[in-house]
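A closer look at the structure
Spelled out, the chains give:
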Amino acid sequence: MAQQLINGILLGGVYALVGVGMTMIFGIVQLTNLAHGEFIILAAYLSSVISVGLGLSPLLTLIITVPLMFVIGYILQNVLINKLMERGSEPALLVTFGLSIIIQNALLLIFSADANRLIVSFQALSIPLGGMGRIPVLNLVVCLIGIATLFVLNLFLKKTYIGRSIRATSDDKVAAALMGVNVKQTYGIAMGLALATAAIAGTMVGMIYPFYPSTGSGYLIIAFGVVVIGGMGSITGTLVAGFIFGLAQVLGGSNYGLLIGYLVLIVMLAVRPQGLFAK
Amino acid sequence: MSENILAIENVAARYGDFLAVQDASLCVPNKSIVSIIGSNGAGKSTLMDCVAGVHKPSSGRIFFKGEDITGLPAYEIVRRGLSLVPQGSRCFVRMTVEDNLIMGSFPGCARKGATSMLEKVYELFPVLKEKRNDLSGSLSGGQRQMVAIGRSLMSQPDLILFDEISLGLAPTIIKDIYSRIRQINAEGTSIVLVEQDVKRSVKTSDYSHVMLKGKIVLSGPSRELTEEDIKNAYFGI
Amino acid sequence: MDTLLSFKNVDAGYGRVKVLSDLNFEVYRGEVFGVIGPNGCGKTTMFNALIGLIQPTKGEIHFDGHNITNMSANARCNLGLGRTYQVPRPFENMSVFENVLVAAVHGAGLSEQAARPECQRALEITGLYDKHAVRSGELTLLDRKRLEIARALGTAPKMLLLDEVAAGLTEAEVQDVMALVANLKAEGFTIIWIEHVIETMVNSTNRLMCMSEGTDLLIGDPREVMASEQVEAVYLGVEEDE
């Protein structure tokens, strides 16, 4: 039981990271990015290729994948999604669905359907906790990186001009434009940031679980859950939602994990549809 | 710089085929206060939205500091020194008062002096300093208008457009806000007041324009316009 | 005078916000009754209370001998209250005629057979008959407003509620709307008309009500209402000493 609690909590940090990019795009661009799960897996594969190719630790590949995914997000939003959104939200939604299929099949074509995994040197280490079980070092590192990412992102949104302009745009885009904010460009930056978090999430989940070209949809569902439980635009909410989801899944084990996660989700939607931390 | 900070020439604006502004022309002399009055639906707000770049005019020209700004995006126009305080304040309700104000200094040229400007805004509206860490969504209507005005000042504009600043506010608060507006003007900022509260805005302004059904139907120096003229133009009878 | 509609001491609002307070007025059969007032005075709320979108918290509304205070919007429509929307919303992919037909069949509860002559008449009165086969999405704003009125006529109303039908139109088009209203009056319809354009209201209504802060400030001859100091104060503000 104690071991499961530890595992669940450690998983929560990663789940929050999986969900935060989705939450941002939902709250700021008002778009449901159905390709978010695939972007996470794409990042995991990128990390794998770079790690093997350059002989780097998967953690160090973040130096390359994070900026790369940011640029992909920024360009994607500016070249494609912004134009589609002028015609309403449905075309953009469909295009993200299309993107998810394209990414998935491209990965299948290049990497085949075999399982892949990111290997780190401290894979098997763990810290004993007396009789309370053990803390796996890998999961601890992954969880801390997740929390740290959310913390830095929160700081960025709160303390910088660009961060404030992102929050202002999500509050009232006309008023934001009147303050000198180029709203479309801000959407681009938001999408870039969302994919940058997806890059980190991809490497993290790739280190703790095996992944295939088709694993993305599973992470999309987790991201959805985090959005619903945490409410939009609240980093604290995202973190707590990640923990709730992580715990629910671990306590349910491999048989009931997803089921319990979704029961929590349904109860949330019925009782507090705006999310736990929405203002 | 030309004598008029703003010149609106034959502007028309539509929403689809809904004609909101038919043919509006007016000038704002540098460092003056100009009021635009008219009943609800006369097209005043749409005209202001056109000037600030929120809405694209279907015809006509708008010049600011001698430059043609017709059809430029809103974020470009505010960078040139023209700021709109929109109707209903439109504060960023999930941001604190101070973050709202800092957002006002978003244009690159305004960031340098932001700290001293913030102090000035707090001097102008001391209540905002008290509530600097509160979410603007928790403020009263009058306080939100103060945030909106302060936010606009933070961009260090040469011209501020106030769209229905007194709408829904108690008379004492309106009086207070108007005295602040005169203060802002006295420090060299040109002002346009769009109002339904006719008497107060005419009294405050140097020039007045009455709008009716999308057109300017009466213009002149405020002290020369008689109450009768204004009333007839306002009601169109 | 034969009273068709009366509001008696009506209070109404949304949730805890009270918008109408002690509103009293009567509309006589066969007249054009204009309603004006500055922004936020409660005109639209009065409309909503009249058609049954909100229920009064106090007072009574009577229409054509019935107490309709707590009646549903549908029941009111069946009694003969026909409304138009400020922003016309026709079914864009249907023809003009079909739009009116749908209103007649669903609003007045007529069979399609019985509704056809009614619809034809509605289109004739509103001057849209020549365009009966046009797809309504292709109509100009003025014609969409005509269609809005024709749809209301299709429900066989005793009273027509016009909400800002002159808004957004050019000078010449406003003249057309005024002629249309005169035509409706000649056909025997009673009309309540909300409009911001005072000139239009003074020239085309029999009586005018100026609302202020949710109540009836003044009701009477349009020119007398507009000449009153009370109404001027509501619109232009009051002189105050510094």
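Of the regular secondary structure elements, chain A holds 10 helices and 2 strands. Reading chain A from its N terminus to its C terminus gives the helix and strand order α-α-α-α-β-β-α-α-α-α-α-α. In terms of overall dimensions, chain A is globule-like: its C-alpha atoms have a radius of gyration of 18 Å, near the 19 Å expected for 279 residues. When the backbone C-alpha atoms are referred to their principal axes, chain A occupies close to 60 × 45 × 35 Å. Contacts in chain A between residues far apart in sequence, at least 24 positions, make up 76% of those at least 6 positions apart.

Check the secondary structure of chain B and you find 10 helices and 10 strands. A compact globule built from 237 residues would reach a C-alpha radius of gyration of about 18 Å, and chain B, at 17 Å, matches this within 12%. Over its C-alpha atoms, taken along the principal directions, chain B stretches across nearly 50 × 35 × 35 Å. Scored against the burial criterion, the 237 residues of chain B give a buried share of 51%. By sequence separation, contacts in chain B at least 24 residues apart represent 69% of the contacts at least 6 residues apart.

Residue and element names in this part refer to chain C. The 6 strands are arranged 6-7-8-3-9-10 in an open sheet whose pairing can be described as mixed. The open sheet has two free edges, formed respectively by strand 6 (81-83) and strand 10 (215-220), since each of these has just one partner strand. Adjacent strand axes in the sheet meet at a mean angle of 20° when their direction is disregarded.

Of note in this structure, B:K31 is not a glycine but carries a positive phi near 65°. Assignment of secondary structure puts B:K31 in the loop between strand 2 (18-29) and strand 3 (33-37). Its 16 C-beta neighbours within 10 Å are what place B:K31 among the partly exposed residues. A positive phi angle, close to 55°, is found at C:E164, a residue other than glycine. Secondary-structure assignment places C:E164 in the loop between strand 7 (159-163) and helix 6 (171-186). Overall, the presence of 20 C-beta atoms within 10 Å leaves C:E164 in the buried class.

Reports often express the size of an interface as the amount of accessible area lost when the parts come together. At the junction of the two partners, chain A supplies 17 residues and chain B supplies 21 residues. At the level of elements, helix 6 (161-171) and helix 7 (173-178) of chain A are the ones that each hand at least two residues to the side of chain A that touches chain B. Considering every element that reaches the side of chain A that touches chain B, the biggest residue donor is helix 6 of chain A, with 6 residues.

Counting from both sides, the interface comprises 19 residues of chain B and, opposite them, 21 residues of chain C. For the side of chain B that touches chain C, the secondary structure elements donating two or more residues are strand 2, helix 9 (198-204) and helix 10 (227-235) of chain B.

All names here are of chain C. Within strand 3 (residues 32-36), 5 of the 5 residues are buried, which leaves the element mostly enclosed by the surrounding structure. Side chains V32, G34 and I36 of strand 3 all project onto a buried face; the interleaved residues F33 and V35 project onto the opposite face, where all are buried too. Pairing of strand 3 with strand 8 (residues 190-194) involves 4 bridges; the strand directions are parallel. By the bridge assignment, G34 is partnered in strand 8 with W193. Bridge count between strand 3 and strand 9 (residues 207-212): 4 bridges; the pairing is parallel. Paired with I36 across the strands is C210, a residue of strand 9.

It is worth spelling out helix 7 (residues 141-153) of chain B at this point. All names here are of chain B. Compared with an ideal rise of 1.5 Å per residue, which puts 13 residues at 18 Å, helix 7 spans 18 Å between its outermost C-alpha atoms and is within 8% of the ideal. Within helix 7, 11 of the 13 residues are buried, which leaves the element mostly enclosed by the surrounding structure. Taken together, the buried positions of helix 7 are Q143, R144, Q145, M146, V147, A148, I149, G150, R151, S152 and L153. Among the structural elements, strand 6 (82-85), helix 3 (97-104), helix 5 (114-124), helix 6 (126-130), strand 7 (159-163) and helix 8 (171-186) are those in contact with the buried residues of helix 7.

Contacts between protein chains span 2 pairs of chains, and they are most numerous for chains A and B. Spatially, chain A and chain C are disjoint, and the shortest separation between their C-alpha atoms is 18 Å.

A separate point is the environment of A:L178. Along the chain, A:L178 turns up in helix 7. Contact partners of A:L178, with chain neighbours within four places excluded, come to B:A52, B:A74, B:V78, B:L84 and B:P86.

Residues and elements named next belong to chain C. As summarised here, the arrangement of the 4 strands in space is 2-1-4-5, forming an open sheet in which the pairing is antiparallel. Edge positions in the sheet fall to strand 2 (17-28) and strand 5 (66-67), since each has one partner strand and no second. Note that strand 4 (residues 58-63) and strand 5 share 2 bridges and pair antiparallel. Each residue of the ladder has a partner; that of F63, found in strand 5, is H66. Lying over the sheet, helix 1 (residues 43-51) contacts strand 1 (3-14), strand 2 and strand 4, oriented at roughly 70° with respect to strand 2.

Before going further, it helps to examine the domain arrangement of chain B. Residue and element names in this part refer to chain B. Under the domain assignment used here, chain B contains domain 1 (1-81 + 157-237) and domain 2 (89-155). Spacing between the C-alpha centres of domain 1 and domain 2 amounts to 23 Å. Taken together, the contact between domain 1 and domain 2 spans 12 residues of the former and 9 residues of the latter. Those elements that provide at least two residues to the side of domain 1 that touches domain 2 are helix 2 (74-79) and helix 8. Here the side of domain 1 that touches domain 2 gets 5 residues from one element, more than from any other, and that element is helix 8.

Residue and element names in this part refer to chain A. Where helix 1 (residues 2-29) meets helix 10 (residues 235-271), the axes come as close as 6 Å, and the angle between the chain directions of the two elements is 135°. With respect to helix 10, the element helix 1 is oriented oblique. Considering only the axes of helix 1 and helix 10, their crossing is right-handed. Residues Q4, N7, G8, I9, L11, G12, G13, Y15, A16, G19, V20 and T23 of helix 1 form the contact with helix 10, whose own contacting residues are T238, L239, A241, G242, F243, F245, G246, L247, Q249, V250 and L251.

Within the largest apolar cluster, 150 residues are counted, with the highest numbers of intra-cluster contacts made by B:L161, B:F162, C:V100 and C:I191. In terms of residues, this core owes the most to one element, helix 5 (residues 141-154) of chain C, which gives 7 residues. If sequence neighbours within four positions are ignored, B:L161 has contacts with B:M48, B:V51, B:A52, B:L84, B:V85, B:V192 and B:V194. Judged by nonpolar contacts, the second largest core, of 80 residues, contains A:V18, A:V29, A:L118 and A:L157.

This part covers the environment of A:S89. Residue and element names in this part refer to chain A. Structurally, the position occupied by S89 is in helix 4 (residues 89-111). Considered as a pair, S89 and L31 are 58 residues apart in the sequence and their alpha carbons are 6.9 Å apart. Here S89 is in contact with Q30 and L31, once residues within four sequence places are set aside.

The rules behind each value
- Residues numbered from 1 in each chain as written.
- Chains lettered and ligands numbered in written order.
- Predicted model: local features only at pLDDT ≥ 70, side-chain atom pairs only at ≥ 80, totals over all residues.
- Helix = DSSP H or I, 4+ residues; strand = E, 2+ residues; numbered from the N terminus.
- Rg over C-alpha atoms; globule rule 2.2 N^0.38 Å.
- Contact = placed C-beta atoms within 7 Å.
- Buried ≥ 20, exposed ≤ 12 C-beta atoms within 10 Å, placed from the backbone.
- Pairing = 2+ DSSP bridges.
- Axes fitted to C-alpha atoms, helices over the stretch in contact; angles between N-to-C directions.
- Expected span 1.5 Å × (residues − 1).
- Domains from an automatic or database assignment.
- Parallel < 35°, antiparallel > 145°, perpendicular 65-115°, else oblique.
- Left-handed = near helix turned anticlockwise from the far one by under 90°.
- Core = buried A, V, L, I, M, F, W, Y, C linked by C-beta atoms within 7 Å.

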